[in-house]
Amino acid sequence: MFQSKIAGIGFYVPEKVVTNDDLTKMMDTSDEWIQERTGIKERRYGQKHKETTATMGAEAAKIAVKRAGITLDDVDFIIFATLSPDYFFPGCGVLMQRILGINGIGALDIRNQCSGFVYGLSIADQFVKTGMYKNVLLVGSEFHSAGLDFSTKGRNVTVIFGDGAGAAIIQPTKEEGKGILSTHLHADGEHAEKLAYINPGCHTGVHLGKEQFGYPEDEYGGAFLTEKMFKEQDIFPNMDGQFVFKFAVTKFPEVIGEALQKNGYKPEDIDLLVPHQANLRISQFVQRRLRLRDDQVWNNIQKYGNTTAASIPIALCEAWEAGKVKDGDLICLAAFGSGFTWASALIRW
Ligand code: ACO
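The residue numbering used here restarts from 1 in each chain and proceeds along that chain's sequence as written. Local features in this predicted model are restricted to residues whose pLDDT is 70 or higher, and side-chain atom pairs enter the listing and the counts only when it is 80 or higher, whereas totals over whole chains, interfaces and linings include all residues. The side-chain quantities take in all heavy atoms of the structure and omit both hydrogens and water.

Here we take up the overall build of the protein. Helices and strands together make up the secondary structure of the protein, namely 11 helices and 13 strands. Rg of the C-alpha trace for the protein: 20 Å, near the compact-globule value of 20 Å for 349 residues, within the 12% margin. In terms of overall dimensions, the protein has C-alpha extents of about 60 × 45 × 35 Å along its principal axes. The buried share among the 349 residues of the protein stands at 53%. Using a 1.4 Å probe, the Shrake-Rupley method yields the accessible areas, and only the shown protein chains count as cover for residues. Counting only carbon and sulfur atoms, one obtains 51% of the accessible surface of the protein, whose full area is about 15,800 Å². Averaging the locations of the 37 positively and 43 negatively charged side chains of the protein gives two centres separated by 4 Å. Helix and strand labels come from DSSP, where a helix needs a run of H or I of at least four residues and a strand needs a run of E of at least two; each type is numbered from the N terminus. In this setup the radius of gyration rests on C-alpha atoms only. A globule is expected at 2.2 Å times the number of residues raised to 0.38. Exposed residues in this analysis have more than 50% of their type's maximum accessible area, buried residues have under 20%, and partly exposed residues fall in between, with area computed by a 1.4 Å probe over protein chains only. In this tally Asp and Glu are treated as negative and Lys and Arg as positive; neither His nor the chain ends contributes. Here the site of a charge means atom NZ of a Lys, CZ of an Arg, CG of an Asp or CD of a Glu.

Right, dumping it as structure tokens:
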């Protein structure tokens, strides 16, 4: 068995900066409300007709590949995590593959929302450990702004999310005690709809009751998208914010603790915790619970908002560029999100 490591990381965010004040021109909200509840000051939005989830992923991937000291031709497997894909199908993995010109290798799309990057890292880790692949390209990318409700009805969700992409190359390492020490994956579908983008889909009301969605009675057709969905604008993500908050602040410390315990470490041993950038208040809560110093936690949600599957690789890459992820450091990645799913990874860099 090999040990695996993150050999190169990169991120890409679109140029367009959207401030909280910009959002007040579209919906009834305020800079004060958004900053107080989420810590977010601004986010980036992709350029329509030019950028997509796959193109942003490709940009981040090129940087990660270069930093890993390989070429695109060396990549032998792709894992792509997103909840805002270019197409309903096929997935973004093959679209990014086409852009990068590395057709032929396997491309796996995963749908684990905010935990997507850590889930993907765990998959890559298993493939590399067994010797099946040597240069796995893992990408988390989101183009949220194409699917948000910019009316006041959608303000509780819309103000939180931003666009961007992060990527990593996972390779084997022979360095004793270094690399990905362990990964921990969890899910609980009990509260699947508490943070969800339900339509379009084939559910025809099965999970939540038919009445709510007004599906036609005909046996054939009209299930993914109905007129009623459009008329009632039931085509956007929904979130029970307080419910999500309560779960997140329990599951983050739990799954971080699990990773530390598995490897015989304590919170004070962490050099840097890179939590999924869900909400600054959630990160601060987790930091207090684990009694971590400010310099042990990396937050950048203030600049980018919540970029779901991209948030951890963007934050990790930014921290690395700032010299906060150094050779030999103990790095903990932790995520919680829709599903609910939650996950952690402990890495000796
Ligand atoms: N601007 C102004 N007012 C708003 C906005 C907004 N953008 N959004 C909601 N409000 C209003 C509501 O309408 C409500 O008004 P009312 O009292 O007149 O009915 C009031 O603010 C309070 O609404 P709540 O939804 O109860 O707001 P809350 O204090 O819970 O804050 C928030 C909302 C920030 C989403 C909070 O619940 C939270 O942090 N939840 C965690 C969920 C989260 O972070 N999700 C991120 C994505 S999930 C993930 O990545 C894990």
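Moving on, there is more to tell.
Turning our attention to the sheet that holds strand 8 (residues 179-187). As summarised here, the arrangement of the four strands in space is 8-13-12-11, forming an open sheet in which the pairing is mixed. Strand pairing shows two members of the sheet lacking a second neighbour, strand 8 and strand 11 (272-275), which therefore form its edges. Taking each pair of neighbouring strands and ignoring which way they run, the sheet shows an average axis angle of 10°. When DSSP finds at least two bridges between two strands, those strands are taken to pair. Lines are fitted to the C-alpha atoms to define the axes, a helix being fitted only along its stretch in contact, and any angle between axes, read from their N-to-C directions, falls within 0 to 180 degrees.

This next bit is on the nonpolar core. The biggest cluster of nonpolar side chains holds 40 residues, and the ones touching the most others in it are Ile6, Leu121, Ile170, Val274, Leu316, Ile331 and Leu333. As used throughout, domain bounds are those supplied by an automatic or database domain assignment. Composition of this core by domain shows at least three residues from each of domain 1 (3-173) and domain 2 (179-191 + 239-348). Sequence-distant contacts of Leu121, defined by excluding residues within four places in its chain, comprise Ile6, Leu138, Ile170, Ile180, Leu333, Ala345 and Ile347. Side-chain atoms within 4.5 Å link the members of a nonpolar core, which is a set of buried Ala, Val, Leu, Ile, Met, Phe, Trp, Tyr and Cys residues. If you look at the next biggest cluster of nonpolar residues, it comprises 38 residues, including Ile34, Ile40, Tyr45 and Ala259. Any two residues whose heavy atoms approach within 4.5 Å at even a single point are treated as in contact.

The linkage connecting Phe89 with the following residue, Pro90, adopts the cis geometry, with an omega of -5°. Looking at the element boundaries, Pro90 is found in the loop between strand 4 (77-81) and helix 4 (92-100). With an omega dihedral of 5°, the bond running from Asn199 to Pro200 counts as a cis peptide bond. The phi torsion at Arg291 lies on the positive side, around 55°, for a residue other than glycine.

Turning our attention to the site of the ligand. We call a residue near a molecule or strand when any one of its heavy atoms sits within 4 Å of it. Every one of the 24 residues lining the ligand counts as a neighbour, but Thr29, Gln242, His276, Asn279 and Asn306 are closest to it. The definition of a polar contact used here is a pair of N or O atoms within 3.5 Å, where within protein one atom must be able to donate a hydrogen and the other to accept one, and adjacent residues in sequence count solely through side-chain atom pairs. Trp33 is positioned with one of its side-chain polar atoms (N or O) 3.3 Å from an oxygen atom of the ligand. Between an oxygen atom of the ligand and a side-chain N or O atom of His276, the distance comes to 2.8 Å. Here a cavity denotes a set of grid points, spaced 1 Å apart and computed over the protein atoms alone, in which a 1.4 Å probe fits but from which it cannot get out, and a pocket denotes an open set meeting protein on both sides within 12 Å along at least five of seven lines; residues with an atom within 4 Å of a point are reported as lining. Any molecule with more than half of its atoms within 2 Å of a cavity's or pocket's grid points is counted as sitting in it. Judged by the fraction of its atoms near the pocket grid, the ligand is located in the second largest pocket. Of all the secondary-structure elements, those providing two or more residues to the shell around the ligand are helix 2 (31-38), helix 6 (155-158), helix 8 (241-262) and strand 12 (330-337). Think of it as three bins: nonpolar holds Ala, Val, Leu, Ile, Met, Phe, Trp, Tyr, Cys and Pro, charged holds Asp, Glu, Lys and Arg, and polar takes everything else, Gly as well. The class makeup of the residues in the shell around the ligand is 12 nonpolar, nine polar and three charged.

If you walk across this open sheet you meet the five strands as 1-7-6-4-5, and the pairing is mixed. Across the chains shown, the open sheet's two edge strands, defined by having one partner strand only, are strand 1 (3-12) and strand 5 (106-110). Adjacent strand axes in the sheet meet at a mean angle of 20°, parallel and antiparallel pairs treated alike. Summarising the sheet, strand 4 and strand 6 (residues 136-142) pair through five bridges and their orientation is parallel. Looking at the pairing, Ala81 lines up with Gly140 of strand 6. Contacting strand 1, strand 4, strand 6 and strand 7 (164-173), helix 3 (residues 53-67) crosses the sheet at an angle of about 125° to strand 1.

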